[in-house]
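Topology and contacts: notes
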Amino acid sequence: QVQLVESGGGLVQAGGSLRLSCTASGSIFDINSMAWYRRPPGKQRELVATVTRDSNTEYADSVKGRFTISRDNAKNTVSLQMNSLKPEDTAVYYCYARVRRSVTMWSSDYWGQGTQVTVSS
């Protein structure tokens, strides 16, 4: 049993900033990678940023230079600092983690319930 809980979403004006946080809890042996996805209105879910256990990061082209993903392995958390927000960043943001629950088990995907980010122009 693993749960991911997001926080930090809200309404912000274009050019503003928000910081999203996600905490994983439950039966966790290791978290291989964590990521943030988003689903804009009328569009499919898309990858925003990923971070490995070793803090290697990758970003979607649309957010490079504006968003920063980071994780705290000791606390099983991942954050997304979003700066210079644009109306097109409006979406439901989802936390993702690939979790190994025990040393003898394979890894599985887990998702948070999502948090709304709305950027007004």
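Up top is the structure these notes are about.
First, a word on what this report is: a plain description of the structure on this page. On a predicted model such as this, the values are computed, not experimentally measured, just so you know.

Considerations on the overall build of the protein chain
Scanning the protein chain from N- to C-terminus turns up 0 helices and 11 strands. Listing each helix as α and each strand as β along the protein chain from the N terminus yields β-β-β-β-β-β-β-β-β-β-β. Scaling as 2.2 N^0.38, a compact globule of 121 residues should have a C-alpha radius of gyration of about 14 Å, and the protein chain matches this with 14 Å. With the principal axes as the frame, the protein chain shows a C-alpha extent of 50 × 25 × 20 Å. A separation threshold of at least 6 residues defines the contact pool for the protein chain, and within that pool the share at least 24 residues apart is 57%. In the structure as shown, the protein chain presents an accessible area of about 6500 Å², 45% of it carried by carbon and sulfur atoms. Both charge centroids of the protein chain, one from 14 positive and one from 10 negative side chains, sit 3 Å from each other.

Let's talk about the side chain of D89
Looking at the secondary structure, you find D89 in the loop between β8 (77–82) and β9 (91–100). Overall, D89 belongs to the buried group, its relative accessible area being 1%. A distance of 2.8 Å separates the side chain of D89 from the backbone nitrogen of K86, its partner in a polar contact.

With respect to the pairing of β9
Counting buried positions along β9 gives 7 out of 10 residues, so the element sits mostly inside the fold. The pairing of strand β4 (residues 30–39) with β9 spans 9 bridges and is classified as antiparallel. In the sheet register, I31 faces β9, and the bridge partner there is V99. Pairing analysis gives 3 bridges linking β9 to strand β11 (residues 115–120), with the strands arranged antiparallel. Across the sheet, the residue bridging to V92 is Q116, located in β11. Note: β9 against strand β10 (residues 107–111), 5 bridges, orientation antiparallel. Bridge assignment links Y96 to a residue of β10, and that residue is W111. Hairpin geometry of β9 and β10 is characterised by an intervening segment of 6 residues between the two adjacent antiparallel strands.

A few points about the state of the cysteines
In this structure the tally under the stated criterion is 1 disulfide. Between the sulfur of C22 and that of C95 lies a disulfide, 2.1 Å long from S to S. Of note, the bridge from C22 to C95 carries an S-S torsion of about -85° and is left-handed in sense. Of the two residues, C22 sits in strand β3 (residues 18–26) while C95 sits in strand β9, which places them 73 residues apart along the sequence. Residue C22 is classed as buried on the basis of its relative accessible area, which comes to 1%. Owing to a relative accessible area of 0%, C95 belongs among the buried residues under this scheme.

Some details on unusual backbone geometry
Backbone geometry at N76 places phi at a positive 55°, although glycine is not the residue there. Tracing the sequence through the fold places N76 in the loop between β7 (67–72) and β8. You can call N76 partly exposed: its relative accessible area is 22%. Phi is positive for S84, close to 50°, though the residue is something other than glycine. Looking at where S84 falls in the secondary structure, it is placed in the loop between β8 and β9. Judged by its relative accessible area of 41%, S84 falls in the partly exposed class.

Here is what the cut-offs are and how they apply
- Here the residue numbers are simple positions, counted from 1 along each chain's written sequence.
- Since the coordinates come from a predicted model, pLDDT governs what is reported: local features require at least 70, and pairs of side-chain atoms require 80 or more to be given and counted, while whole-chain, interface and lining totals use all residues.
- Each side-chain value is worked out from all heavy atoms of the structure, with water and hydrogens disregarded.
- Secondary structure elements follow DSSP: runs of H or I no shorter than four residues count as helices, runs of E no shorter than two count as strands, and numbering proceeds from the N terminus.
- All radius of gyration figures rest on C-alpha atoms, and the globule criterion is 2.2 Å times the number of residues raised to 0.38.
- The contact criterion used is simple: two residues touch if any of their non-hydrogen atoms lie within 4.5 Å.
- Where accessible areas are quoted, they stem from the Shrake-Rupley method and a 1.4 Å probe; at the residue level, only the protein chains shown are allowed to cover.
- Charge convention: Lys and Arg are scored as positive, Asp and Glu as negative, and His as well as the terminal groups of each chain are ignored.
- For the purpose of locating charges, the reference atoms are NZ of Lys, CZ of Arg, CG of Asp and CD of Glu.
- Burial here depends on accessible area, computed with a 1.4 Å probe over protein chains only, as a share of the maximum for the residue type. Under 20% is buried, over 50% is exposed, and the range in between is partly exposed.
- The term polar contact refers here to a pair of N or O atoms within 3.5 Å; inside protein, the definition further demands a hydrogen-donor-capable atom paired with an acceptor-capable atom, and it admits residues adjacent in sequence only when both atoms are side-chain atoms.
- Only when DSSP finds a minimum of two bridges between them are two strands counted as paired.
- The definition used for a disulfide is geometric: two cysteine sulfur atoms within 2.5 Å.

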